[in-house]
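# Fold and geometry: a report
The primary structure of each chain is shown beneath.
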Amino acid sequence: MADEPLVLGIETSCDETGVGIVRGTTLLADAIASSVDTHARFGGVVPEIASRAHLEAMVPTIERALKTAGVSARDLDGIAVTAGPGLAGALLVGVSAAKAYAYALNKPLYGVNHLASHICVDQLEHGPLPEPTMALLVSGGHSSLLLAPDITADVRPMGATIDDAAGEAFDKIARVLQLGFPGGPVIDRLAKEGDPAAIAFPRGLTGSRDPAYDFSFSGLKTAVARWIEAKRNAGEEVPVRDVAASFQEAVVDVLTRKAVRACKDEGVDHLMIGGGVAANSRLRALAQERCERAGIRLRVPRPGLCTDNGAMVAALGAEMVARNRPASDLELSADSSLPVTEPHVPGEAHGHRDRDGHEEGHGHGHDHGHGHDHVHEVSRKNLYS
């Protein structure tokens, strides 16, 4: 284990300030500071508020993670950070912090993809990913089917949402039902007491001529909202639990149906589900049921690793180090629309450079030298004496 790469990961793509530390595929620390309560009164994430919350939480969260892991920042073999996709301002805070720590500590920097990180986090719970891996990622911003022959270099989009993501639909229906924000957990809880067959809500893009792997939840969202409105206009009580159960069933039915179909079509005998909506109990249950019938092995991380967190970023960063992938330049930028086909953002010279501009190796076990620039020696001392 001591020979495996020790990597710190920073995640700030939305409203969670996540810092994780892993050694190889072993999770040592997963510290999170969430600003979700601050956003709740607005009914959704406010980008500027999220960015300011990241600024306040960054250093304390990093220090908490290092303390929990029982390691020094100087022991790290690399620093990974979500470079995109996500909210531009929020991403910028994380990327800036990662660059500062990497520069002051003279460690290689890895700008990684948020979606690829959601896939790689499963290694921390179920061991190395099979190659290729079929992944269904469902969250507030994404509903995607991805095929990953190599999580560090080759991720291929099979299908994606053409409008609302699954998590976004959960939040919007919760708002219509006046259940608060975020909507996923409360709808999941109420649905357990409702009848999923009570209301026949539509299943988007499931016709014979529709795209096989793409998703659409906008029509479902509108149908549910109109159904609720009709009940209220008629002066009737809205059966909240039945609505929650029927809506949830429509979402997870489409997600699991298309994911299993993709596995069969591609000859992949396993399915990984990640992202915040992967914490949904009905999605897990239905996916397990359908995968068993199809002879497909299901891999789903525990709920805490499904939502945005630094552990997933550290996991992908550690894999980059282990496979000797090129580090990112210190000119790394946040990219709010970073395509999933780019699991990480390598530097132009495909190598780590010291502060004098000389290229260094970046594989695990490299003895990183220390520069003698007085200003940066002071910076490094201020960070960790």
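Refer to the structure printed above.
Residues numbered from 1 in each chain as written. Predicted model: local features only at pLDDT ≥ 70, side-chain atom pairs only at ≥ 80, totals over all residues. Heavy atoms only, no water.

### Re the environment of Thr12
Rules: Helix and strand definitions follow DSSP, with helices as H or I runs of at least four residues and strands as E runs of at least two, each counted in order from the N terminus. Only protein chains enter the accessibility calculation, which uses a 1.4 Å probe. A residue is then buried if its area is under 20% of the maximum for its type, exposed if over 50%, and partly exposed in between. The definition of a polar contact used here is a pair of N or O atoms within 3.5 Å, where within protein one atom must be able to donate a hydrogen and the other to accept one, and adjacent residues in sequence count solely through side-chain atom pairs.
Of note, Thr12 is situated in the loop between β1 (6-11) and β2 (16-23). The class for Thr12 is buried, based on a relative accessible area of 0%. Through-space distance from the C-alpha of Thr12 to that of Ser51 is 8.4 Å; in sequence the pair is 39 residues apart. Polar contacts involving the side chain of Thr12 include one to the main-chain carbonyl oxygen of Ala90, which spans 2.7 Å.

### Quick look at the pairing of strand β4 (residues 78-84)
Using the following cut-off: Two strands are counted as paired when DSSP detects at least two bridges linking them. Whether a crossover is right-handed depends on one test, that the path from the first strand over the helix to the second runs clockwise when the strands point away from the viewer.
In terms of burial, β4 is largely enclosed, as seven of its seven residues are buried. Where β4 lies against strand β5 (residues 109-113), five bridges are found, and the strand directions are parallel. Looking across to β5, one finds that Ile79 is bridged to Leu109. For the handedness criterion, the β-α-β arrangement of β4, helix α3 (residues 88-105) and β5 is classed as right-handed.

### Observations concerning the packing of aromatic side chains
Ring pairs (aromatic) are described by centroid distance and by the angle formed between their planes. To keep it simple, the criterion reads: Each aromatic pair joins two rings of Phe, Tyr and Trp (for Trp, the six-membered one) with centres within 6.5 Å, and gets the label stacked for planes under 30 degrees apart, edge-to-face for over 60, and tilted for any other angle. Charge over a ring is defined by NZ of Lys or CZ of Arg lying within 6 Å of the ring centre and within 35 degrees of the ring normal.
By the definition in use, this model includes three aromatic pairs. Judged by centre distance (6.3 Å) and plane angle (85°), the ring pair of Phe201 and Trp227 falls under edge-to-face. Separated by 26 residues along the polypeptide, Phe201 in the loop between α7 (183-191) and α8 (218-233) and Trp227 in helix α8 bring together distant segments of the chain. Centroid distance Phe215 to Phe217: 6.3 Å. Interplanar angle 10°. Geometry classified as stacked. In this pair, the class of Phe215 matches that of Phe217, namely buried. The ring of Phe215 has Lys258 lying over it, and the distance from NZ or CZ to the ring centre is 5.9 Å.

### Concerning the side chain of Asn113
Quick reminder of the rule: What makes two residues a contact is simply this: any of their non-hydrogen atoms within 4.5 Å.
Mapped onto the elements of the fold, Asn113 is located in strand β5. Take Asn113: its relative accessible area is 0%, and that puts it in the buried class. Excluding residues that lie within four positions of it along the chain, Asn113 makes contacts with Gly84, Pro85, Leu316, Leu338, Pro339, Val340, Glu342, Pro343 and His344.

### A word on the sheet that holds strand β7 (residues 143-150)
Backbone hydrogen bonds are what pair the strands of a sheet, in a parallel or an antiparallel way. Put simply, the test is: Every angle, taken between N-to-C directions, lies between 0 and 180 degrees, and every axis is a line fitted to C-alpha atoms, over only the stretch in contact when it is a helix.
Overall, mixed pairing links the five strands, which are arranged β8-β7-β6-β9-β10 in an open sheet. Looking along the sheet, the strands with just one partner apiece sit at the ends: β8 (154-160) and β10 (297-299). Across the sheet, the mean angle separating the axes of adjacent strands is 25° when strand polarity is ignored. Running at roughly 160° to β10, helix α10 (residues 281-294) makes contact with β6 (133-138), β9 (270-274) and β10 of the sheet.

### Examining the packing of helix α6 (residues 166-176) against helix α9 (residues 240-266)
When two helices pack together, their arrangement is given by the angle between the helix axes and the distance between those axes. Where we set the bar: Every angle not falling under 35 degrees, over 145, or within 65 to 115 is termed oblique; those three ranges are roughly parallel, roughly antiparallel and roughly perpendicular. In this count, Pro and Cys sit with the nonpolar residues alongside Ala, Val, Leu, Ile, Met, Phe, Trp and Tyr, while Asp, Glu, Lys and Arg are called charged and the others, Gly among them, polar.
Interaxial distance between α6 and α9 falls to 11 Å at its minimum, and their mutual angle equals 175°. Taken together, the axis directions place α6 and α9 in an arrangement best described as roughly antiparallel. Two secondary-structure elements touch here, α6 through Ala166, Ala169, Phe170 and Ile173 and α9 through Phe247, Gln248, Val251 and Leu255. The class makeup of the residues in the contact of α6 with α9 is seven nonpolar, one polar and no charged.

### Describing unusual backbone geometry
Between Gly84 and Pro85 the backbone carries a cis peptide bond, its omega angle lying at -10°. Relative to the helices and strands, Pro85 resides in the loop between β4 and α3. In this chain, Glu131 is followed by Pro132 through a cis amide linkage whose omega measures 0°. Along the chain, Pro132 turns up in the loop between α5 (123-126) and β6. A positive phi is found at Gln178, a non-glycine position, where the angle reads about 60°. Position of Gln178 relative to the elements: it lies in the loop between α6 and α7. In this structure, Asn324 is a non-glycine residue whose phi angle is positive, near 55°. Position of Asn324 among the secondary structure elements: in the loop between α12 (310-322) and β11 (344-345).

### Re the sheet that holds β2
Judged by pairing direction, the sheet is mixed, and its six strands sit side by side in the order β3-β2-β1-β4-β5-β11 without closing on themselves. The sheet is open, and its two edges are formed by β3 (26-34) and β11, each paired on a single side. Note: β5 against β11, two bridges, orientation antiparallel. Among the inter-strand pairings, Gly111 is bridged to a residue of β11, identified as Val345. Sheet contacts for helix α2 (residues 47-69): β1, β2 and β3; angle to β3, the most-contacted strand, approximately 155°. In this fold α12 packs onto β1, β2, β3, β4, β5 and β11, with an angle of close to 135° to the strand it touches most, β1.

### Quick notes on the side chain of Gln248
Tracing the backbone through its elements, the reader meets Gln248 in helix α9. Here the side chain of Gln248 touches Asn280 through a polar contact of 2.8 Å, side chain to side chain. The residues contacting Gln248, other than those within four sequence positions of it, are Phe170, Ile187, Asp188, Ala191, Asn280 and Arg282.

### A few points about α12
Note the cut-off: Take the residue count of a helix, subtract one, and multiply by 1.5 Å to get its expected span.
Taking 1.5 Å as the rise per residue, α12 with 13 residues should run 18 Å; its terminal C-alpha atoms sit 18 Å apart, in good agreement. Burial runs high along α12: twelve of the 13 residues are buried. Within α12, burial applies to Gly310, Ala311, Met312, Val313, Ala314, Ala315, Leu316, Gly317, Ala318, Glu319, Met320 and Val321. Looking at where α12 begins, the residue whose side-chain oxygen comes 3.1 Å from the main-chain nitrogen of Ala311 is Asn309. Of the residues one or two after α12, Asn324 is the one with positive phi, at around 55°.

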